[in-house]
Amino acid sequence: MTNAQKVDADPILVEIVAGTLAAIEKEVETSIGRTSRSPMIRDAHDFRAGIHDRQLRKLTGRSYSALVHPVVRDYPIETMNVGDVYFHNDVYLSEGGIGHLPDLCVTVPVFAANPETDQPEVVAFIQAFGHHDDIGGAVPGSMPSAATSVYEEGLMVPPIKLWDRGVPNESALKIMTRNSRMPDSLAADLDAECSACLAGARRLGELFERYGVAAVEACFEAILTSSTEVYRREILSQIPDGSYVWEDYAEHDGVDEPQLHRQRITLTMDSSKDVPLVIDFTGTGPQAKGPINHCGDYADGNFLKKWLAPILRNLAETPERMAQLDVNEGVVPLIEMRFPEKGTLLTPIFPAPTNARTFVILRLLGVLAGVLAKATGGRMPADQETIRYTGVYGTDSGGEPYLMREVLGGGSGGRYYADGEDTIHVVPDSRNLPTEFTEGRFPLRIERLGLALDSGGPGRYRGGCGYEKHIRVLRDAHFMSIADRSILACWGVKGGKAGQPFQVTVDPGGPDEHDVDALADAEPLTAGTVVRIRTTGGGGWGDPLDRPVEEVLRDIAWRKVSVAGARADYGVVVREDGSADEAATEGLRREMRELRTGEEPFFDRGPGYATLSGGATFNEFDVL
Amino acid sequence: MSERRVRIGIDTGGTFTDVVAVDEETGHTTTTKTPSTPADPAEGFLNGVRKVLDLMGLDGSAVTAVSHGTTVATNQLLEGKLDRIGFITTEGYESVLEIARQSVPDGYGNSYFWVKPPRIVPADLVRTVRGRLDHTGVEVRPFHEDDARSAARFFRDAGISTLGVCFLHAYANDAHERRMLEVIREEHPGAVVSISSQVLREYREYERSVTTLVDAAVKPKVSAYVTNIRTRLDEIAPDVPFYVMKSNGGVLSAGEVVHQPITTMLSGPAAGALGAALIAGTAGFDRVLTCDGGGTSTDVTVVIDGEPALTTEGSVGDYPSKIPMIDVVTVGAGGGSIAWLSPEGTLKVGPRSAGADPGPICYPDGGNEPTVTDAHVVLGRIPPHLLGGEIPLSTDEATAGLRRLGAKLDMDLERTATGILEISAWNQANALRQVTVAKGLDVRDFTLTTFGGSGSLLACRLMDILGLPRTLVPPNPGNVSAFGLLTVDVRNDYVQTVVSKHVDLDVARVQSVFADLEAQAQAALDGEGFGRDAQRMQRTADLRYVGQAFEVRVPVPDGRLDAEGSETVAQAFHAAHRQLYGYDFATDPRQAVEWVNLRVSGIGPIRRPDLVELQARDGGTDRAVTGSRRVFFDDWVDTPTYNRPDLGPGDVVRGPAIIEEFGSTVPVHPGFAVTVDAHGNLLLTKEAGQ
């Protein structure tokens, strides 16, 4: 039997192979998570492992991952040897798989013997990338919010051979560590990634040895085909044929004044086509001067297809079913992506900066959710925004520099079956920093880690609350923030209202009280000062006046909604003793309904939108 | 009055209560089982004690000790409605349970549709108290008495009488929590209270809070359960020492259990692992994988030199628990696991189980979905009856069920049945890999020890898939958990977080913390009646490289700790890190080592039962042959069946063969052979050239 020969997949073996792939992916991720140093990897879990076949197709489905395409482009498969480890972080040479330079990506080929020649040949790839602390550039952390070119963002490494037949390339490692402000943890993180991927590659190799290349590859094919068919049958069937347009915006690029940085999707569904779903980004705004650009238009949008497809899962029958669906390469054949000409937010021209591209690709999740909400009459969750970087840096009592940086999530949007959840994060297993860890490690006191009252968007199903965190610096320090959604808010849908935006306030309630810009590299803080961070609440779903009174009372008891908020947002009048005044509530709710024009838009973008739109509270795409 | 002295182990399972009694003099064991009585578990417990004593012709005066383990009772506690409990924490942290660690399980993007399970305490039953410590335990702001009093009164007035208390940095200084406890005693004297500094002196406020609350939540019920059994046991054997199995692999006297109930959660798998490890160790194998196959799931663990691997990252139900527990991986692959077609059209096995009711298709009044047991009976791998013939199984019904499933996949009967078993075996194999590979161990260095009703059925396939050298099947595989209860020592764990870089380590402080922890351990063992000579202290420390979020546990030498000793610990850490993850930084001075937790386990050794050597039997193995039947391995083949009790030391049985005993079956595939060792264990190996 030759490798090229197609064999039918054995249904038993398919299940065995699928189980083993999932187990290997988990082993690799567990190993990286436990041994790496960078808080972005260790706590925020900003790292991913992926298993790809030799056709570069992603086989595993828990998460997005980088691409193998750039490695194979520069090092053809037939030139690879056992013990090779490839490395890259160069955004523009990553085919869109790497979004910013701190994401260090390691790729290890998996070998198995060709049954005819008995020679080892590449049959698959194990790949992992992780968000490292620092890869050089203009500021600590390699995420300069005012960068205007990629040269300010750190060291760019195109695909290179980091290990050659088992031998690490010391010269490359020296160059990379020399360019980092945190060389020791960079070296440690790289070791963690390489060791974990090599172990995963050995294990996957054993599977090929046991069952033969042809049989295992037939299973890969079956896994991907079945995924394609499930999405076609259970997900895409929920989208009525037709064309739908919606757009949303990043608010700030760190360089220009805040403005609407537009991302638009025209989604066209034609169930009669082999490729039924077209996602067209035409209308997306021009490339930003600052670092919010994302290189989306490479490899036919392969990365973005898998990045966005998890949103489609919300169309499944039940939340339980949504959780069962994997996103692997099987979704790719169902989607065609069309990109605008070069020079937009999604088609930036080298060397446009990209370090805060998270804003744009997170927003794209929201644009797709919104356009699907339009297509399905609102059978989608309201908006969430769960990634922003906040931190404090300075020197500790021993004179050592420190950087406490974390990713604080936010509230998720209301769903047609449940309220949004508080303080969650889009990346699986991402964790906040325990106060007892932070205070032991940094000269900080975390005075409060709570929920931001009233931050969840009102709705029949309320949006989840964001964080309210109070950090007191015990020594002079600087505060940094890289956050979107500080003017614009997470939108509500189908009558639901927007959540509250991100906000940072220094010395709240004190003589020096002032807000800090959401993109701040170095806000000075004197010893003893408190800085308060409030993160975004999720959007609401459905009419808040339809929310049962007892649920609003429970929200008050659970400190998620204030008495004033209950009245203003839900029309619920609460007495001194905490009970609801039924008659007054009914009257108030009637009054509030009567004030409506009947022409309210399908989406509520919150009050901040008007400040950037020239006064309009919604646009032509926000109505059904 | 009898001269014989026996110790009794009782393992309460969902269906049966297993009982083992060991004669203190001869080491002979007597086993029995009795139906469990979920409505009042004490009933089945006492029935078991009486039944085994009757079998031995003894009365209660012969009993020297009773050890008890159960997962079922604790699971019932969890599944049943927990009492409404209250939570008192530091000002500013009232939402610590709502926030948790912000993580959403499983896949990327699940944050859009995930619905959080209910918190252990609803947000309206959380109260905060002013007062603040820093991470070294120094008071930053004083404890606020008025807040404390008003919190205690709030819960008293609300009728909430189970409370958990967790203040920030209480692991470093318990003064505020102790004062809070005093205030509660004054204001709300009837309340059951757990304070975090007594449950778990380890940093990370969310995990410590939840662990403390689980402890509080189960305290009243565990206490009632244990007290009830104690009282009833006194009717048979007054004042006999009564021990309860802990999840850390030790036991604890019933009187002490009520003060640390959380340590007894999930104790069932621990007993089985320890029992199997003792048996395998006596047979000469010190690296052991245990595989306990039941009706709904299979529990696997790794035991090296008699020491089971422990984890502090376990969970009890939905709630994380940082209490040390044996690292058991449970897979939904048992006899009752259901084979089904996913919406994607692929064949899946488990984790849903037909359980005992309705049970597999082949059971009398069984279910209508095919299970692993149905596949075994169709292939002839198990006899067409259960428990020595008491319950007949219907091969015809099972065959029809499997044919229906196979038709959807276009597979014949044999392919469907072997396919179900193959998937089930791989599910178990992945779990066995997980417990070894994740610890840097090579699975091929281990002896698989299989027990439980379904544990041994797939042993040959597991050996093949994982490349294992041998499998050991103990006698009475259904009773290994109950036997294990008789093999474990009294054991208490103490921890104190002390974060320090290795280069800055204050060795005197470490020494004094160890001394404090050992004093606590000694006091507890004194209370359990162990003389100081008998007590054993085991020190360990959790270390990491600065910046890592996870620690690696390594042993700390006994005696006075000096700089040299601390260096030994650091070196042990480097080596353990290499073993676990494949690399270390022992020779890289830039990579600093950090100490995090200091731990002491206080151990009170219990006399372990001696395993008895059996006499060789006369004649050949034909004496044990009971007949033959058609069994499908790679093809249908006439296969002799053996009655295990008639096999003796030195006997060798070559596959294909089926070895049967009460409650358990071992299919020996072609190419495998079984040797009976001196203690009656079956040693399954692959024959050379196969």
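These numbers come from a predicted model, not from an experiment. (Residues numbered from 1 in each chain as written. Chains lettered and ligands numbered in written order. Predicted model: local features only at pLDDT ≥ 70, side-chain atom pairs only at ≥ 80, totals over all residues. Heavy atoms only, no water.)

Q: How should the overall build of chain B be read in this particular structure?
A: Across its full length, chain B carries 16 helices and 37 strands. Expected size for 690 residues packed as a compact globule is a radius of gyration near 26 Å; at 27 Å, chain B falls within 12% of this value. The principal-axis extent of the C-alpha atoms belonging to chain B is close to 80 × 70 × 60 Å. The burial tally for chain B puts 60% of its 690 residues in the buried class. Of all intrachain contacts in chain B linking residues separated by at least 6 positions in sequence, the fraction that spans at least 24 positions is 66%. For chain B, the computed accessible surface area is about 25300 Å², with 49% contributed by carbon and sulfur atoms. (Helix = DSSP H or I, 4+ residues; strand = E, 2+ residues; numbered from the N terminus. Rg over C-alpha atoms; globule rule 2.2 N^0.38 Å. Buried < 20%, exposed > 50% of the residue type's maximum accessible area, 1.4 Å probe, protein only. Contact = heavy atoms within 4.5 Å. Areas by Shrake-Rupley, 256 points an atom, 1.4 Å probe, with all protein chains shown as cover.)

Q: What should I look at first to understand the interface of chain A and chain B in this one?
A: Many structure descriptions define interface size as the accessible area lost when the parts assemble. Of the residues lining the interface, 88 residues belong to chain A; the matching set on chain B comes to 80 residues. Carbon and sulfur atoms make up 48% of the surface buried where chain A meets chain B, a total of about 7300 Å² over both sides. Our enumeration of links across chain A and chain B arrives at 9 salt bridges. With its nearest N and O atoms 2.7 Å apart, the salt bridge here joins Glu436(A) to Arg208(B). Applying the counting criterion to the chain A and chain B interface returns 45 residue pairs in polar contact (both at pLDDT 80 or more). Among the secondary structure elements, those contributing two or more residues to the side of chain A that touches chain B are α1 (11-35), α5 (183-211), α6 (213-235), α7 (302-312), α8 (319-324), α9 (358-376), α10 (435-441) and β13 (444-451) of chain A. Top element by residues in the side of chain A that touches chain B is α1(A). It accounts for 14 residues. Taken together, the residues that form the side of chain A that touches chain B break down as 35 nonpolar, 21 polar and 32 charged. (Buried area = accessible area lost by both parts, 1.4 Å probe. Salt bridge = Lys/Arg side-chain N within 4 Å of Asp/Glu carboxyl O. Polar contact = N/O pair within 3.5 Å; in protein donor to acceptor, adjacent residues only side chain to side chain. Nonpolar A, V, L, I, M, F, W, Y, C, P; charged D, E, K, R; others polar.)

Q: Can you help me understand the side chain of Asn314(A) in this one?
A: Take Asn314(A): it is sitting in the loop between α7 and α8. Residue Asn314(A) is classed as buried on the basis of its relative accessible area, which comes to 2%. The contact partners of Asn314(A), leaving out residues within four places of it in the chain, are Met322(A), Arg379(A), Met380(A), Pro381(A), Tyr112(B) and Phe113(B).

Q: What should I look at first to understand the environment of Val546(B) in this one?
A: Tracing the backbone through its elements, the reader meets Val546(B) in the loop between β28 (536-545) and β29 (552-555). For the pair Val546(B) and His502(B), spaced 44 residues apart in the sequence, the C-alpha separation amounts to 9.6 Å. Beyond its immediate chain neighbours, meaning those up to four positions away, Val546(B) contacts Arg37(A), Arg441(A), Lys501(B), Ala592(B), Val593(B) and Glu594(B).

Q: Could you clarify how one ought to interpret the side chain of Glu329(A) in this entry?
A: Residues and elements named next belong to chain A. Relative to the helices and strands, Glu329 is located in the loop between α8 and β10 (335-338). Among the polar contacts listed, one links the side chain of Glu329 to the side chain of Asn302, at a separation of 2.8 Å. A polar side-chain atom of Glu329 sits 2.7 Å from a polar atom in the side chain of Lys306.

Q: I tried to follow the domain arrangement of chain A on my own but got confused; where do I start?
A: Residue and element names in this part refer to chain A. Each assigned domain of chain A is listed here: domain 1 (11-230) and domain 2 (381-624). Taking only C-alpha atoms, the centre of domain 1 and the centre of domain 2 are 36 Å apart. Facing 19 residues of domain 1, the contacting portion of domain 2 comprises 15 residues. In total, about 1500 Å² of surface goes out of reach between domain 1 and domain 2, with carbon and sulfur atoms giving 57% of it. For the pair domain 1 and domain 2, the number of links is 1 salt bridge. For Arg405, the salt bridge is made with Asp133, and the minimal N-O distance between the two is 3.9 Å. (Domains from an automatic or database assignment.)

Q: Looking at this structure, how should I read the sheet that holds strand β17 (residues 503-506) of chain A?
A: Backbone hydrogen bonds hold the strands of a sheet together, and the pairing may be parallel or antiparallel. Residue and element names in this part refer to chain A. Pairing is antiparallel in the open sheet, where 5 strands are placed in the order β13-β14-β20-β17-β18. A strand with exactly one partner marks an edge of an open sheet, and here the two such strands are β13 and β18 (514-516). Looking at each pair of strands side by side, their axes are set apart by 20° on average, direction ignored. In terms of strand pairing, β17 meets β18 through 3 bridges, oriented antiparallel. In the sheet register, Thr505 faces β18, and the bridge partner there is Asp515. (Pairing = 2+ DSSP bridges. Axes fitted to C-alpha atoms, helices over the stretch in contact; angles between N-to-C directions.)

Q: Mind showing me how you'd approach the pattern of salt bridges here?
A: Going through the model one piece at a time under the given rule, you end up with 98 salt bridges over all chains. Among the salt bridges present, the one from Asp419(A) reaches Arg554(A), with a minimum N-O distance of 3.7 Å. Taken together, the positions of Asp419(A) in the loop between β12 (401-407) and α10 and Arg554(A) in helix α11 (residues 549-557) put the pair 135 residues apart, joining distant regions of the chain. For Glu439(A), the salt bridge identified is with Arg132(B), shortest N-O distance 2.7 Å.

Q: Help me understand the sheet that holds strand β10 (residues 192-195) of chain B in this model?
A: All names here are of chain B. In spatial order, the strands read β6-β5-β9-β10; together these 4 strands make up an open sheet with parallel pairing. Since the sheet does not close on itself, it has two edges, and those belong to β6 (126-129) and β10, each with one partner. Taken pair by pair, the neighbouring strands of this sheet meet at an average axis angle of 20°, ignoring direction. Here strand β9 (residues 162-166) pairs with β10 via 4 bridges, running parallel. Of the residues in β10, the one forming a bridge with Gly164 is Ser194. Running over the sheet, helix α5 (residues 175-187) touches β5 (86-90), β6, β9 and β10 and is turned about 175° from β10. Against the sheet, helix α7 (residues 205-236) touches β5, β9 and β10, its axis set at about 160° to β9.

Q: I tried to follow the pairing of β28(B) on my own but got confused; where do I start?
A: In regular strands, side chains alternate between the two faces of the sheet. All names here are of chain B. For β28, a buried count of 8 out of 10 residues is recorded, marking the element as mostly surrounded by other parts of the structure. Alignment of β28 against strand β30 (residues 593-604), held across 10 bridges, turns out to be antiparallel. When the sheet's bridge partners are listed, Arg536 is paired in β30 with Ile603.

Q: Even after reading the chapter, I still don't get α7(A), so can you show me in this structure?
A: In an α-helix, one turn spans 3.6 residues; hence positions three or four apart end up facing the same way. Of all 11 residues making up α7(A), 11 are buried, and the element is well covered by its neighbours. All of the buried residues in α7(A) are Asn302(A), Phe303(A), Leu304(A), Lys305(A), Lys306(A), Trp307(A), Leu308(A), Ala309(A), Pro310(A), Ile311(A) and Leu312(A).

Q: For this particular structure, what's the right way to read the environment of Ile349(A)?
A: Residues and elements named next belong to chain A. In this fold, Ile349 is placed in the loop between β10 and α9. The exposure class of Ile349 is partly exposed, given its relative accessible area of 44%. Between the C-alpha atoms of Ile349 and Leu56, which are 293 residues apart in sequence, the distance is 26 Å. Ile349 has contacts with Tyr92, Gln287, Lys342 and Gly343, leaving out every residue within four places of it along the chain.

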